[in-house]
Amino acid sequence: MAKITLSKLRHSYMDAPKGPDDYALKQIDVDWEDGGAYALLGPSGCGKSTLLNIISGLLIPSEGRVLFDDKDVTELTPEARNIAQVFQFPVIYDTMSVYDNLAFPLKNRGVDAATIDRRVRTIAEMLEVTDMLDRRASGLAPDNKQKLSMGRGLVRDDVNVVMFDEPLTVIDPHLKWKLRSKLKELHQKTALTMIYVTHDQTEALTFADQVVVMQDGEVVQIGTPVELFERPAHTFVGHFIGSPGMNVLPAELRDGGAFFQGQAVALEGAVRKGASGKLEIGIRPEFVDIADAGIAARVRKAADVGRYSVVEAVVGDTPVSAIITGPVPEQGAEVHLSFAPHQTRLYADGWLATEVAQ
Ligand SMILES: Nc1ncnc2c1ncn2[C@@H]1O[C@H](COP(=O)(O)OP(=O)(O)OP(=O)(O)O)[C@@H](O)[C@H]1O
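Residues numbered from 1 in each chain as written. Predicted model: local features only at pLDDT ≥ 70, side-chain atom pairs only at ≥ 80, totals over all residues. Heavy atoms only, no water.

Chemist: Explanation requested: unusual backbone geometry in the structure shown.
Modeler: For residues other than glycine, phi is negative in most cases, and the peptide bonds are mostly trans. Residue Pro244 is reached from Ser243 by a cis peptide bond, and omega for that bond is -5 degrees. Among the structural elements, Pro244 can be located in the loop between α9 (235–240) and β11 (247–250). Positioned with a positive phi, Asn82 is a non-glycine residue whose angle comes to about 55 degrees. In this structure Asn82 comes out as buried when scored by relative accessible area, which is 16%. Positive phi is not limited to glycine here, since Asp216 has a value of about 50 degrees. (Helix = DSSP H or I, 4+ residues; strand = E, 2+ residues; numbered from the N terminus. Buried < 20%, exposed > 50% of the residue type's maximum accessible area, 1.4 Å probe, protein only.)

Chemist: What exactly am I supposed to notice about the site of the ligand here?
Modeler: Around the ligand, the structure places Tyr13, Ala24, Pro43, Ser44, Gly45, Cys46, Gly47, Lys48, Ser49 and Thr50. Between the ligand and Cys46 there is a distance of 3.1 Å, counted from an oxygen atom to a backbone nitrogen or oxygen. One of the side-chain N or O atoms of Ser49 is found 2.6 Å from an oxygen atom in the ligand. Calculation on the ligand without its partners gives an accessible area of 620 Å², and the protein chains cover 51% of this total. Among the residues forming the shell around the ligand, the class breakdown is four nonpolar, five polar and one charged. (Near = heavy atom within 4 Å. Polar contact = N/O pair within 3.5 Å; in protein donor to acceptor, adjacent residues only side chain to side chain. Areas by Shrake-Rupley, 256 points an atom, 1.4 Å probe, with all protein chains shown as cover. Nonpolar A, V, L, I, M, F, W, Y, C, P; charged D, E, K, R; others polar.)

Chemist: Looking at this model, I keep getting lost on the pattern of salt bridges. Mind explaining?
Modeler: Pairs can form between side chains of opposite charge once their charged atoms are near each other. If you walk through the whole model with that rule in mind, you get 18 salt bridges. The partner of Arg65 in a salt bridge is Glu75, and the shortest N-O contact between them spans 3.6 Å. Taken as a pair, Arg65 in strand β4 (residues 63–68) and Glu75 in the loop between β5 (71–72) and α2 (78–81) lie far apart in primary sequence, ten residues in all. Relative accessible area serves as the criterion here: at 33%, Arg65 is assigned to the partly exposed category. You can call Glu75 exposed: its relative accessible area is 53%. For Arg300, the salt bridge is made with Glu312, and the minimal N-O distance between the two is 2.7 Å. Remark: Glu312 occurs in strand β18 (residues 309–315) and Arg300 occurs in strand β17 (residues 295–304); sequence separation between them is twelve residues. Taking relative accessible area as the criterion, Arg300 reaches 37% and is therefore assigned partly exposed. (Salt bridge = Lys/Arg side-chain N within 4 Å of Asp/Glu carboxyl O.)

Chemist: I tried to follow the pairing of strand β21 (residues 345–348) on my own but got confused; where do I start?
Modeler: Looking along a regular strand, one sees the side chains alternate between the two faces of the sheet. Of the two faces of β21, both are covered, the one formed by Arg345 and Tyr347 as well as the one formed by Leu346 and Ala348. Pairing geometry for strand β15 (residues 279–283) and β21, over four bridges, is antiparallel. Along β21, the bridge assignment pairs Glu280 with Tyr347. With two bridges joining them, β21 and strand β22 (residues 351–352) adopt antiparallel strand pairing. Along β22, the bridge assignment pairs Ala348 with Trp351. The antiparallel hairpin formed by β21 and β22 contains two residues in its connecting segment, where Asp349 sits at a positive phi of about 50 degrees. (Pairing = 2+ DSSP bridges.)

Chemist: I keep staring at the packing of aromatic side chains and nothing clicks. Help me out?
Modeler: Both the distance between ring centres and the angle between the ring planes are used here to describe each pair of aromatic rings. A full pass over the atoms with the stated rule returns seven aromatic pairs. Ring centres 6.5 Å apart and planes at 25 degrees place the aromatic pair Phe260 and Phe339 in the stacked group. Of this pair, Phe260 sits in strand β13 (residues 257–260) while Phe339 sits in strand β20 (residues 334–339), placing them 79 residues apart in sequence. What makes Phe260 buried here is its relative accessible area of 0%. Note on Phe339: relative accessible area 10%, which makes it buried. Three or more aromatic residues joined by ring pairs form one cluster here, namely Phe164, Tyr196 and Phe207. In this structure, Arg254 is placed above the aromatic ring of Phe259, and the distance from its NZ or CZ to the ring centre is 4.0 Å. Against the face of Phe229 rests Arg284, its NZ or CZ located 4.3 Å from the ring centre. (Phe/Tyr/Trp six-rings, centres within 6.5 Å; stacked < 30°, edge-to-face > 60°. Lys NZ or Arg CZ within 6 Å of the ring centre and 35° of its normal.)

Now the structure itself:
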(Lines give C-alpha, C1' and ligand atoms only; values in the text may rest on other atoms or scores of the structure.)
Protein backbone atom coordinates (compact mmCIF):
# COMPACT_ATOMS: atom_id res chain seq x y z
CA MET A 1 0.00 0.00 0.00
CA ALA A 2 1.14 3.47 -0.69
CA LYS A 3 0.54 7.13 -0.26
CA ILE A 4 -0.27 8.60 -3.66
CA THR A 5 0.70 12.10 -4.73
CA LEU A 6 -0.46 13.75 -7.93
CA SER A 7 1.61 16.85 -8.41
CA LYS A 8 0.79 19.60 -10.94
CA LEU A 9 -0.79 17.08 -13.32
CA ARG A 10 -2.03 18.36 -16.64
CA HIS A 11 -3.02 16.37 -19.66
CA SER A 12 -3.98 17.23 -23.19
CA TYR A 13 -4.74 14.72 -25.94
CA MET A 14 -3.63 17.35 -28.46
CA ASP A 15 -0.11 17.70 -29.82
CA ALA A 16 0.07 21.46 -29.36
CA PRO A 17 -2.51 22.53 -26.77
CA LYS A 18 -3.11 26.29 -26.70
CA GLY A 19 -5.56 27.29 -23.97
CA PRO A 20 -7.09 25.56 -20.90
CA ASP A 21 -9.94 24.25 -23.07
CA ASP A 22 -7.45 22.01 -24.88
CA TYR A 23 -6.66 20.15 -21.64
CA ALA A 24 -8.69 17.12 -20.49
CA LEU A 25 -7.03 17.67 -17.08
CA LYS A 26 -6.30 21.30 -16.29
CA GLN A 27 -4.27 21.08 -13.09
CA ILE A 28 -4.57 18.40 -10.46
CA ASP A 29 -2.77 18.44 -7.09
CA VAL A 30 -3.82 15.70 -4.73
CA ASP A 31 -2.33 13.83 -1.78
CA TRP A 32 -3.90 10.51 -0.89
CA GLU A 33 -2.97 8.87 2.40
CA ASP A 34 -1.79 5.29 2.60
CA GLY A 35 -4.77 3.03 3.33
CA GLY A 36 -7.44 5.64 2.53
CA ALA A 37 -10.69 5.13 0.62
CA TYR A 38 -11.10 7.76 -2.07
CA ALA A 39 -13.66 8.41 -4.76
CA LEU A 40 -13.31 10.36 -7.96
CA LEU A 41 -16.75 11.74 -8.71
CA GLY A 42 -17.93 13.77 -11.67
CA PRO A 43 -20.13 13.73 -14.74
CA SER A 44 -19.23 11.99 -17.96
CA GLY A 45 -16.33 13.70 -19.73
CA CYS A 46 -14.91 15.52 -16.68
CA GLY A 47 -11.62 13.62 -16.89
CA LYS A 48 -12.02 10.72 -14.43
CA SER A 49 -10.80 8.01 -16.82
CA THR A 50 -7.92 10.20 -17.98
CA LEU A 51 -6.82 10.62 -14.36
CA LEU A 52 -7.27 6.94 -13.59
CA ASN A 53 -5.22 5.98 -16.63
CA ILE A 54 -2.45 8.33 -15.52
CA ILE A 55 -2.39 6.76 -12.05
CA SER A 56 -2.39 3.24 -13.47
CA GLY A 57 0.33 4.05 -16.01
CA LEU A 58 -1.70 3.53 -19.19
CA LEU A 59 -1.20 7.20 -19.98
CA ILE A 60 1.78 9.47 -19.39
CA PRO A 61 0.62 12.98 -18.41
CA SER A 62 1.62 15.96 -20.56
CA GLU A 63 2.89 17.66 -17.38
CA GLY A 64 3.34 16.85 -13.71
CA ARG A 65 4.33 13.83 -11.65
CA VAL A 66 2.73 10.77 -10.06
CA LEU A 67 4.41 9.60 -6.85
CA PHE A 68 3.83 6.40 -4.87
CA ASP A 69 5.29 6.83 -1.38
CA ASP A 70 7.26 9.82 -2.69
CA LYS A 71 8.84 7.66 -5.43
CA ASP A 72 8.33 9.05 -8.93
CA VAL A 73 6.42 6.47 -11.01
CA THR A 74 5.27 8.81 -13.79
CA GLU A 75 7.17 6.96 -16.50
CA LEU A 76 6.67 3.42 -15.14
CA THR A 77 4.52 0.85 -16.95
CA PRO A 78 1.29 -0.40 -15.30
CA GLU A 79 3.02 -3.72 -14.49
CA ALA A 80 5.91 -1.98 -12.74
CA ARG A 81 3.52 0.08 -10.58
CA ASN A 82 2.18 -2.90 -8.67
CA ILE A 83 -1.49 -1.98 -8.69
CA ALA A 84 -4.78 -3.85 -9.01
CA GLN A 85 -7.73 -2.73 -11.09
CA VAL A 86 -11.41 -3.65 -11.12
CA PHE A 87 -13.23 -2.61 -14.27
CA GLN A 88 -16.87 -1.94 -15.23
CA PHE A 89 -17.24 -5.42 -16.63
CA PRO A 90 -16.05 -8.56 -14.86
CA VAL A 91 -12.57 -9.68 -15.87
CA ILE A 92 -12.53 -13.37 -15.02
CA TYR A 93 -11.57 -16.65 -16.63
CA ASP A 94 -14.84 -18.40 -17.44
CA THR A 95 -13.30 -21.86 -17.77
CA MET A 96 -11.59 -21.74 -14.37
CA SER A 97 -13.19 -22.37 -11.01
CA VAL A 98 -13.95 -19.49 -8.65
CA TYR A 99 -11.03 -20.67 -6.49
CA ASP A 100 -8.56 -20.66 -9.37
CA ASN A 101 -9.77 -17.24 -10.51
CA LEU A 102 -9.03 -15.82 -7.07
CA ALA A 103 -5.73 -17.65 -6.85
CA PHE A 104 -4.55 -16.51 -10.28
CA PRO A 105 -3.05 -13.09 -9.38
CA LEU A 106 -1.08 -14.76 -6.55
CA LYS A 107 0.10 -17.77 -8.58
CA ASN A 108 1.23 -15.35 -11.23
CA ARG A 109 3.55 -13.68 -8.72
CA GLY A 110 4.96 -16.99 -7.51
CA VAL A 111 3.29 -16.94 -4.10
CA ASP A 112 3.52 -20.29 -2.22
CA ALA A 113 0.50 -22.62 -2.16
CA ALA A 114 -0.25 -22.28 1.57
CA THR A 115 -0.36 -18.47 1.40
CA ILE A 116 -2.49 -18.63 -1.73
CA ASP A 117 -4.97 -20.91 -0.01
CA ARG A 118 -5.18 -18.66 3.04
CA ARG A 119 -5.66 -15.47 1.02
CA VAL A 120 -8.22 -17.02 -1.35
CA ARG A 121 -10.30 -18.31 1.55
CA THR A 122 -10.11 -14.99 3.43
CA ILE A 123 -11.23 -12.99 0.41
CA ALA A 124 -13.93 -15.55 -0.49
CA GLU A 125 -15.29 -15.26 3.02
CA MET A 126 -15.33 -11.46 2.90
CA LEU A 127 -17.18 -11.56 -0.41
CA GLU A 128 -19.48 -14.37 0.73
CA VAL A 129 -18.55 -16.66 -2.16
CA THR A 130 -16.99 -19.49 -0.12
CA ASP A 131 -19.74 -21.93 -1.12
CA MET A 132 -18.99 -21.23 -4.79
CA LEU A 133 -15.23 -21.83 -4.70
CA ASP A 134 -15.44 -25.11 -6.63
CA ARG A 135 -17.89 -23.88 -9.23
CA ARG A 136 -16.91 -22.87 -12.72
CA ALA A 137 -16.94 -19.09 -13.11
CA SER A 138 -18.96 -19.34 -16.33
CA GLY A 139 -22.07 -20.44 -14.44
CA LEU A 140 -22.16 -17.48 -12.03
CA ALA A 141 -24.83 -14.77 -12.06
CA PRO A 142 -23.56 -11.33 -13.24
CA ASP A 143 -23.32 -9.89 -9.73
CA ASN A 144 -21.31 -12.88 -8.52
CA LYS A 145 -19.03 -12.56 -11.54
CA GLN A 146 -18.37 -8.94 -10.61
CA LYS A 147 -17.82 -9.94 -6.97
CA LEU A 148 -15.25 -12.41 -8.23
CA SER A 149 -13.64 -9.70 -10.33
CA MET A 150 -13.42 -7.52 -7.21
CA GLY A 151 -11.95 -10.45 -5.30
CA ARG A 152 -9.22 -10.78 -7.92
CA GLY A 153 -8.44 -7.11 -7.36
CA LEU A 154 -8.28 -7.50 -3.59
CA VAL A 155 -6.55 -10.83 -3.19
CA ARG A 156 -3.00 -9.46 -3.19
CA ASP A 157 -2.12 -7.55 -0.06
CA ASP A 158 1.13 -6.13 -1.47
CA VAL A 159 -0.35 -3.80 -4.12
CA ASN A 160 0.20 -0.04 -3.92
CA VAL A 161 -3.42 0.75 -4.73
CA VAL A 162 -6.64 -0.93 -5.86
CA MET A 163 -8.57 1.09 -8.42
CA PHE A 164 -12.24 0.57 -9.16
CA ASP A 165 -13.63 2.00 -12.40
CA GLU A 166 -17.44 2.22 -12.16
CA PRO A 167 -17.51 -1.37 -10.84
CA LEU A 168 -21.26 -1.52 -10.22
CA THR A 169 -22.36 -0.64 -13.77
CA VAL A 170 -23.41 -4.20 -14.58
CA ILE A 171 -25.08 -4.88 -11.23
CA ASP A 172 -28.87 -4.93 -10.90
CA PRO A 173 -30.13 -1.84 -9.05
CA HIS A 174 -31.55 -3.89 -6.17
CA LEU A 175 -28.18 -5.60 -5.61
CA LYS A 176 -26.14 -2.44 -5.94
CA TRP A 177 -26.66 -1.27 -2.37
CA LYS A 178 -25.47 -4.64 -1.12
CA LEU A 179 -22.21 -4.56 -3.05
CA ARG A 180 -21.74 -0.89 -2.21
CA SER A 181 -21.73 -1.56 1.50
CA LYS A 182 -19.68 -4.73 0.98
CA LEU A 183 -16.95 -2.66 -0.65
CA LYS A 184 -16.86 -0.25 2.25
CA GLU A 185 -16.55 -3.20 4.62
CA LEU A 186 -13.78 -4.69 2.47
CA HIS A 187 -11.83 -1.48 2.65
CA GLN A 188 -12.08 -1.46 6.41
CA LYS A 189 -10.94 -5.09 6.62
CA THR A 190 -8.09 -4.92 4.14
CA ALA A 191 -6.77 -1.37 4.82
CA LEU A 192 -5.63 -1.17 1.18
CA THR A 193 -5.44 2.25 -0.51
CA MET A 194 -8.46 2.34 -2.78
CA ILE A 195 -9.61 4.74 -5.50
CA TYR A 196 -13.15 4.40 -6.73
CA VAL A 197 -14.22 6.17 -9.91
CA THR A 198 -17.88 6.89 -10.49
CA HIS A 199 -20.41 9.42 -11.74
CA ASP A 200 -22.89 8.19 -9.10
CA GLN A 201 -22.96 10.31 -5.95
CA THR A 202 -24.48 7.56 -3.80
CA GLU A 203 -21.66 5.16 -4.68
CA ALA A 204 -19.00 7.79 -4.02
CA LEU A 205 -20.49 9.00 -0.75
CA THR A 206 -21.11 5.48 0.60
CA PHE A 207 -17.66 4.22 -0.23
CA ALA A 208 -15.20 7.02 0.33
CA ASP A 209 -13.67 8.72 3.34
CA GLN A 210 -12.79 11.52 0.97
CA VAL A 211 -14.39 12.39 -2.34
CA VAL A 212 -12.63 14.29 -5.11
CA VAL A 213 -15.28 16.09 -7.16
CA MET A 214 -14.27 16.90 -10.72
CA GLN A 215 -15.75 19.13 -13.37
CA ASP A 216 -14.30 19.98 -16.77
CA GLY A 217 -10.86 18.61 -16.02
CA GLU A 218 -10.55 20.34 -12.66
CA VAL A 219 -10.92 19.31 -9.05
CA VAL A 220 -13.62 21.57 -7.62
CA GLN A 221 -13.58 20.17 -4.09
CA ILE A 222 -11.98 17.44 -2.02
CA GLY A 223 -13.78 16.60 1.17
CA THR A 224 -15.59 14.11 3.32
CA PRO A 225 -19.14 13.29 2.26
CA VAL A 226 -20.38 15.52 5.10
CA GLU A 227 -18.19 18.44 4.04
CA LEU A 228 -19.39 18.18 0.45
CA PHE A 229 -22.97 18.16 1.60
CA GLU A 230 -22.69 20.86 4.23
CA ARG A 231 -20.35 23.37 2.67
CA PRO A 232 -20.06 22.96 -1.10
CA ALA A 233 -17.03 24.95 -2.24
CA HIS A 234 -18.60 25.41 -5.66
CA THR A 235 -22.18 25.61 -6.90
CA PHE A 236 -21.43 22.59 -9.10
CA VAL A 237 -20.76 20.45 -6.01
CA GLY A 238 -23.92 21.75 -4.35
CA HIS A 239 -25.96 20.94 -7.39
CA PHE A 240 -24.34 17.61 -8.23
CA ILE A 241 -24.55 16.22 -4.70
CA GLY A 242 -27.90 15.91 -2.96
CA SER A 243 -31.33 15.01 -4.21
CA PRO A 244 -32.65 17.45 -5.12
CA GLY A 245 -29.38 19.38 -5.26
CA MET A 246 -28.65 22.75 -3.72
CA ASN A 247 -30.80 25.67 -4.85
CA VAL A 248 -28.59 28.09 -6.77
CA LEU A 249 -30.42 31.42 -6.96
CA PRO A 250 -29.52 34.69 -8.72
CA ALA A 251 -28.40 37.26 -6.16
CA GLU A 252 -27.42 40.88 -5.78
CA LEU A 253 -25.26 42.56 -3.15
CA ARG A 254 -26.45 45.96 -1.97
CA ASP A 255 -25.46 47.99 1.10
CA GLY A 256 -23.57 44.97 2.47
CA GLY A 257 -26.65 42.72 2.24
CA ALA A 258 -27.70 39.98 -0.21
CA PHE A 259 -30.95 40.09 -2.14
CA PHE A 260 -32.85 37.44 -4.07
CA GLN A 261 -35.65 38.67 -6.34
CA GLY A 262 -35.52 42.00 -4.48
CA GLN A 263 -35.97 40.39 -1.07
CA ALA A 264 -33.26 40.53 1.61
CA VAL A 265 -31.65 37.22 2.51
CA ALA A 266 -29.45 36.68 5.60
CA LEU A 267 -26.17 34.89 4.84
CA GLU A 268 -24.09 32.55 7.03
CA GLY A 269 -21.41 35.22 7.56
CA ALA A 270 -19.38 37.96 5.96
CA VAL A 271 -18.88 38.07 2.22
CA ARG A 272 -15.29 37.56 1.13
CA LYS A 273 -13.61 40.86 0.15
CA GLY A 274 -13.58 41.46 -3.57
CA ALA A 275 -16.28 38.88 -4.31
CA SER A 276 -17.60 39.82 -7.72
CA GLY A 277 -18.77 38.42 -11.02
CA LYS A 278 -21.90 36.30 -11.20
CA LEU A 279 -23.41 36.29 -7.71
CA GLU A 280 -25.64 33.46 -6.53
CA ILE A 281 -27.15 32.33 -3.26
CA GLY A 282 -26.76 28.63 -2.47
CA ILE A 283 -29.07 26.90 -0.03
CA ARG A 284 -29.94 23.23 0.21
CA PRO A 285 -33.64 22.27 0.04
CA GLU A 286 -33.22 20.67 3.49
CA PHE A 287 -32.75 24.17 4.95
CA VAL A 288 -35.66 25.87 3.20
CA ASP A 289 -38.92 25.81 5.12
CA ILE A 290 -42.48 27.03 4.68
CA ALA A 291 -43.05 29.81 7.22
CA ASP A 292 -45.52 32.52 8.16
CA ALA A 293 -43.20 35.24 6.98
CA GLY A 294 -40.22 35.40 4.66
CA ILE A 295 -39.78 35.23 0.92
CA ALA A 296 -43.09 35.26 -0.94
CA ALA A 297 -43.44 32.22 -3.22
CA ARG A 298 -46.03 30.14 -5.05
CA VAL A 299 -46.15 26.35 -4.84
CA ARG A 300 -45.72 24.70 -8.22
CA LYS A 301 -45.53 21.05 -7.14
CA ALA A 302 -45.48 19.14 -3.88
CA ALA A 303 -44.77 15.44 -3.44
CA ASP A 304 -45.11 13.53 -0.21
CA VAL A 305 -42.33 10.96 -0.34
CA GLY A 306 -42.83 9.37 3.06
CA ARG A 307 -40.94 10.88 5.95
CA TYR A 308 -40.79 14.26 4.23
CA SER A 309 -42.20 16.18 1.29
CA VAL A 310 -40.42 17.82 -1.60
CA VAL A 311 -41.98 21.16 -2.49
CA GLU A 312 -41.12 23.04 -5.63
CA ALA A 313 -42.04 26.70 -5.32
CA VAL A 314 -41.35 29.68 -7.55
CA VAL A 315 -40.13 33.06 -6.41
CA GLY A 316 -40.67 35.45 -9.30
CA ASP A 317 -39.59 33.15 -12.10
CA THR A 318 -36.96 31.24 -10.12
CA PRO A 319 -37.75 27.73 -8.87
CA VAL A 320 -36.78 26.94 -5.28
CA SER A 321 -36.95 23.42 -3.81
CA ALA A 322 -37.75 22.77 -0.17
CA ILE A 323 -37.71 19.54 1.80
CA ILE A 324 -40.22 19.89 4.59
CA THR A 325 -41.65 17.66 7.28
CA GLY A 326 -44.79 19.67 8.13
CA PRO A 327 -48.15 19.81 6.30
CA VAL A 328 -47.88 19.67 2.52
CA PRO A 329 -49.10 22.88 0.84
CA GLU A 330 -51.54 22.73 -2.06
CA GLN A 331 -50.39 23.26 -5.60
CA GLY A 332 -50.76 26.96 -6.45
CA ALA A 333 -50.78 28.05 -2.78
CA GLU A 334 -49.18 31.40 -1.95
CA VAL A 335 -46.63 30.74 0.80
CA HIS A 336 -43.53 32.21 2.42
CA LEU A 337 -40.15 30.55 2.44
CA SER A 338 -37.59 30.86 5.20
CA PHE A 339 -33.91 30.11 4.57
CA ALA A 340 -31.86 28.90 7.56
CA PRO A 341 -29.24 31.71 7.71
CA HIS A 342 -26.33 29.49 8.86
CA GLN A 343 -26.86 27.35 5.72
CA THR A 344 -27.30 30.22 3.28
CA ARG A 345 -24.15 31.07 1.37
CA LEU A 346 -23.08 33.43 -1.36
CA TYR A 347 -21.19 32.20 -4.42
CA ALA A 348 -19.24 34.44 -6.79
CA ASP A 349 -18.60 33.05 -10.27
CA GLY A 350 -19.48 29.64 -8.85
CA TRP A 351 -17.05 29.70 -5.90
CA LEU A 352 -18.01 29.99 -2.24
CA ALA A 353 -17.71 33.62 -1.17
CA THR A 354 -19.00 33.68 2.41
CA GLU A 355 -17.18 32.91 5.63
CA VAL A 356 -18.74 31.11 8.57
CA ALA A 357 -19.66 33.64 11.26
CA GLN A 358 -17.40 33.23 14.30
N1 LIG B 1 -8.14 9.13 -26.30
C2 LIG B 1 -8.66 10.36 -26.30
N3 LIG B 1 -8.38 11.22 -27.29
C4 LIG B 1 -8.87 12.48 -27.32
N5 LIG B 1 -9.69 12.98 -26.36
C6 LIG B 1 -10.01 12.17 -25.34
C7 LIG B 1 -9.52 10.81 -25.25
N8 LIG B 1 -10.02 10.25 -24.13
C9 LIG B 1 -10.79 11.19 -23.53
N10 LIG B 1 -10.78 12.34 -24.26
C11 LIG B 1 -11.46 13.60 -23.90
O12 LIG B 1 -10.98 14.03 -22.64
C13 LIG B 1 -12.04 14.53 -21.84
C14 LIG B 1 -12.12 13.72 -20.53
O15 LIG B 1 -12.55 12.39 -20.84
P16 LIG B 1 -12.57 11.19 -19.79
O17 LIG B 1 -12.90 9.94 -20.53
O18 LIG B 1 -11.31 11.23 -19.01
O19 LIG B 1 -13.78 11.62 -18.86
P20 LIG B 1 -14.66 10.72 -17.86
O21 LIG B 1 -15.02 11.62 -16.74
O22 LIG B 1 -13.93 9.48 -17.52
O23 LIG B 1 -15.93 10.38 -18.72
P24 LIG B 1 -16.67 8.97 -18.85
O25 LIG B 1 -17.28 8.69 -17.53
O26 LIG B 1 -17.68 9.25 -19.93
O27 LIG B 1 -15.60 7.99 -19.26
C28 LIG B 1 -13.30 14.45 -22.67
O29 LIG B 1 -13.49 15.71 -23.27
C30 LIG B 1 -12.96 13.41 -23.73
O31 LIG B 1 -13.65 13.66 -24.90
